Amino acid sequence: MKLKAIIVEDEFNAREELEYLLLETNKVEIAAKCANALEGIKAVNKFHPDVLFLDIHLPAIDGFEMLSMIEESVLPRIVFVTAFDQFAIKAFENNATDYLLKPIGKDRLLQAIEKIEKSIVSNIRQKIDIPLMKRIPSYGTHKIKLVNVDEIEFLHSNEAGVYFVYDGKKCFTDLTLATIETKTKLFRCHKQYLINLDKIDEILFDDNSKGKVRTHNKFLIPVSRHYLKNMKNQLGL
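Residues numbered from 1 in each chain as written. Predicted model: local features only at pLDDT ≥ 70, side-chain atom pairs only at ≥ 80, totals over all residues. Heavy atoms only, no water.

### Side note on helix H2 (residues 37-47)
Looking at H2, one finds that the buried residues are Ala 37, Leu 38, Gly 40, Ile 41, Ala 43 and Val 44. Where the residues of H2 are buried, they touch strand S1 (3-8), strand S2 (28-34), strand S3 (51-55), helix H3 (63-67), strand S6 (135-140) and strand S7 (143-148). For H2, the capping residue at the N-terminal end is Asn 36, with a side-chain oxygen 3.2 Å from the backbone nitrogen of Leu 38. Two residues or fewer after H2 comes His 48, characterised by a positive phi angle close to 50°. (Buried < 20%, exposed > 50% of the residue type's maximum accessible area, 1.4 Å probe, protein only. Helix = DSSP H or I, 4+ residues; strand = E, 2+ residues; numbered from the N terminus. Contact = heavy atoms within 4.5 Å. Polar contact = N/O pair within 3.5 Å; in protein donor to acceptor, adjacent residues only side chain to side chain.)

As structure tokens, this is what we get:
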């Protein structure tokens, strides 16, 4: 059975060459080829590949930051690809399954694939040291906005998707609340809300042991009974 792979590489020629080399091994099928990190995140969530061949030096969001935006339950085995030795060392320190230095040789690529195959047969999972998410991406008209997590007041999930508010502005993101909750210090106060505890002005208590918080920009956010005690503990109250 062939490995299902995704390639994330911003340079067209390098992307096409890696696809050619992978297909030539007859051990890999390509589920998607992506030119940037956000395309890569969508492809991983859609195809659930066995392995991700990930260029480290990507525009806007590099390979390491991209991994912080992927939910752990769908995170595949990672093979970092780079032209720079210092990034290869960092990849090794992050416990990647393997890393490949450009230009990629056929024998070295085959060695990396065989290593992945063995890890799958042995059911050995990577233990990648992924940093906390520092920025959250949002799509706009002909642009992508990257907002620092510390600037965000709250996030809300509804039937339309997930949006966050910062500086009074509302932005939508493709990331899930679950992913953001596990990859940031934002606090879950309700099944549909995450909040930045540093952006709270007031806590308002209801008679039924529920509550609301008022943010710096006067948004009222519900707090479920289940989360209220923990929130007070987090705030030292």
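Further notes follow.
### Concerning the sheet that holds strand S13 (residues 200-205)
Pairing within the open sheet is antiparallel, and its three strands lie in the order S13-S14-S15. Here the strands that pair on one side only, and so sit at the sheet edges, are S13 and strand S15 (220-223). Averaged over all pairs of adjacent strands, the angle between strand axes in this sheet comes to 25°, irrespective of strand direction. As defined by bridge partners, strand S14 (residues 211-215) adjoins S15 across four bridges and the pair is classed as antiparallel. Within the sheet, the bridge partner assigned to Lys 212 lies in S15 and is Pro 222. (Pairing = 2+ DSSP bridges. Axes fitted to C-alpha atoms, helices over the stretch in contact; angles between N-to-C directions.)

### Digging into the pairing of strand S8 (residues 152-158)
Counting buried residues in S8 gives five out of seven residues, a clear majority hidden from the surface. As paired elements, S8 and strand S9 (residues 161-166) share six bridges and run antiparallel to each other. By the bridge assignment, Ile 152 is partnered in S9 with Tyr 166. Hairpin connection from S8 to S9: two residues lie between these consecutive antiparallel strands. In the sheet, S8 pairs with strand S12 (residues 193-195) via three bridges, with the strands oriented antiparallel. When the bridges of S12 are listed, His 156 appears paired with Tyr 193.

### Some thoughts on the nonpolar core
Here is a general trend for soluble globular proteins: nonpolar side chains tend to be buried in one another's company. Ranked by size, the top nonpolar core spans 39 residues in total, and within it Leu 52, Leu 54, Met 66, Ile 136 and Leu 155 carry the most contacts. The element best represented in this core is H2, accounting for five residues. In contact with Ile 136, other than residues within four places in its own chain, are Lys 145, Leu 146, Val 147, Val 149, Ile 152, Leu 155, Phe 164, Thr 173, Leu 175 and Ile 180. With 17 residues, the next largest nonpolar core counts Ala 5, Leu 22, Val 51 and Ile 113 among its residues. (Core = buried A, V, L, I, M, F, W, Y, C linked by side-chain atoms within 4.5 Å.)

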